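The chain contents come next:
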Amino acid sequence: MSNAFSKEERVAFETLLEGFNDAEVMSRNVDKYVTDGMTMARANDTMWLPQPYIMQSFSGMDQTSNFKDVTQLSVPATLGYSKSVPWTMDAKELRDALQEQRLGDSARQKLASDINVAVLAAAATYGGLVVKKGTPTGFDDIATCDALMNEVGVEQFDRKLALSSRDYNRIAGNLAGRQNLENRTETAYDYARIGMVSGFESFKLDYPKRLQAAAGGGSITIDTRAAANNFYTTRATSTAVTGEVGNVDNRFQTITVSATAGVVAGDSFTINGVTQCHLISKEDTAQPKTFRVVSVPDGTHLVITPPLISAQGATDAEKQYQNAKVAGTGLATAAITWLNTVACAMNPFWHKGAIKLLPGSYAVDNNTGASILRGKTDSGIEVVLQKQYDIATMKTRFRVDTLFGVVNAAPEQSGILLFDQT
């Protein structure tokens, strides 16, 4: 016969869920994509999510030659995080119900932190928009992130910004000194809170990810001429040598460079003569296009995000999703300039729809001798509490589990703000 939960334990679980909701600061600020347990089990816990279409327009009455296929892009999303907090309590320890509740609270804090860290990692690791700044000055720093998003074509609502505690407080200090802003200065001074700034809802991080200074040096170059094939050709699917057709993840590209010594994942850079264009109008913004290093396969190749879609291949798909302009016919040795020149905290900013959180679920059998309680947090993450007694040791095992996935579906709708750079 399975163990029965006492009323005190049920109350403790309800309190655990309430605390979980309070702690899910970051996961409440991304999109949720509801998954079906049976479908995910059959798909090996991976599904492909569609990216927004970007269409082309043409002038004139006669459009006969412009009726062409449209390329739809998609990205893989996986329930890749299986987090659990297990512990045991013996028959003497269980006499103190308060101890059990404290352990439950600690489990909740850790799992909530795991979810927040996963969301932040997705935004900070794959965010393709990079803003480099010196000492924080306040509004102007965040307004630069706003301008960059506007120039790319990101929707002007649901924008989020998460700042490390030190950077957040420095900006709050700047705001507190502006005595001409009614009410805002008191909030900044009393609570170190900056609220909405330049269209971004801001949050304070107590565990930001850090980025080390780039060690690749200033001599690395890339060939940006069309013949070098360092531009990316967008495609929805690919065909294997066996004839099997599969989806393509268009968020990443492998480029050839002169050397990769010292380059590591996370480094950010620009390329001489490569500028950002508006993703919809295709107008040249005259601003350097920013890229992130995802991995370093060998001595001459880098995997980057976003890909360099310059339309140098002139396919319809490239024109549809073009994100960059290459000056003239390109350069044989275009210089790469590293942006992260000083080690610092990464302050991610993103459009809410760019980051997807996928709540998962476990099919835990209720008839195996363990007692089971289930609940969902505000963000849809299922929490499972299990309890099982061992008569041989008079110990009871507890575990709290979650299953979820996080994916940065749009690297060009997310990025990082770097302070103290030279």
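It should be emphasised that the depicted structure is a prediction, and the values quoted were computed from it without experimental measurement. (Residues numbered from 1 in each chain as written. Predicted model: local features only at pLDDT ≥ 70, side-chain atom pairs only at ≥ 80, totals over all residues. Heavy atoms only, no water.)

Draft legend 1. Inspection of the sheet that holds strand β5 (residues 129-132) at higher detail. The six strands lie next to each other as β5-β25-β20-β6-β8-β7, forming an open sheet whose pairing is mixed. Each end of this open sheet is capped by a strand with a single partner; those strands are β5 and β7 (196-197). As paired elements, strand β20 (residues 347-351) and strand β25 (residues 414-418) share four bridges and run antiparallel to each other. Bridge pairing in β25 links P348 to I416. Packing against the sheet, helix α4 (residues 139-152) makes contact with β5, β6 (159-164), β7, β8 (200-205), β20 and β25, and its axis sits at approximately 150° to β5. (Pairing = 2+ DSSP bridges. Helix = DSSP H or I, 4+ residues; strand = E, 2+ residues; numbered from the N terminus. Contact = heavy atoms within 4.5 Å. Axes fitted to C-alpha atoms, helices over the stretch in contact; angles between N-to-C directions.)

Draft legend 2. Up close: α4. Taking 1.5 Å per residue, 14 residues should reach 20 Å; α4 reaches 20 Å between its end C-alpha atoms and fits that length. Considered for burial, the residues of α4 that qualify are D141, I142, A143, C145, D146, L148, M149 and V152. (Expected span 1.5 Å × (residues − 1). Buried < 20%, exposed > 50% of the residue type's maximum accessible area, 1.4 Å probe, protein only.)

Draft legend 3. View of the pattern of salt bridges. In total, this model carries eleven salt bridges according to the counting rule given. Where D146 meets R159, a salt bridge forms, and the shortest distance between an N and an O atom there is 2.8 Å. A residue pair is termed long-range when its members are at least 10 positions apart, and D146 in helix α4 and R159 in strand β6 qualify at 13 residues. Judged by relative accessible area, R159 falls into the buried class, the value being 3%. The residue R374 makes a salt bridge to E382 at a minimum N-O spacing of 3.1 Å. (Salt bridge = Lys/Arg side-chain N within 4 Å of Asp/Glu carboxyl O.)

Draft legend 4. Summary view of the packing of aromatic side chains. Inspection of the entire model under this criterion finds six aromatic pairs. Between F200 and F349, the aromatic rings sit 6.0 Å apart at their centres with planes inclined by 85°, giving edge-to-face as the arrangement. In this pair, F200 is assigned in strand β8 and F349 in strand β20, connecting sequence segments 149 residues apart. Comparing F200 with F349, the two get one shared label, buried. Among the aromatic side chains, those forming a connected cluster through ring pairs are F269, F291 and W338. (Phe/Tyr/Trp six-rings, centres within 6.5 Å; stacked < 30°, edge-to-face > 60°.)

Draft legend 5. Looking closely at the nonpolar core. The biggest cluster of nonpolar side chains holds 26 residues, and the ones touching the most others in it are I142, L163, I194, F200, F349 and L417. Sorting the residues of this core by element identifies β5, α4, β6 and α5 (165-176) as the ones contributing at least two each. In terms of residues, this core owes the most to one element, α4, which gives five residues. In this structure, L163 is in contact with Y168, I171, I194, F203, K204, L205, N347, L417 and F419, ignoring residues within four places of it in sequence. (Core = buried A, V, L, I, M, F, W, Y, C linked by side-chain atoms within 4.5 Å.)

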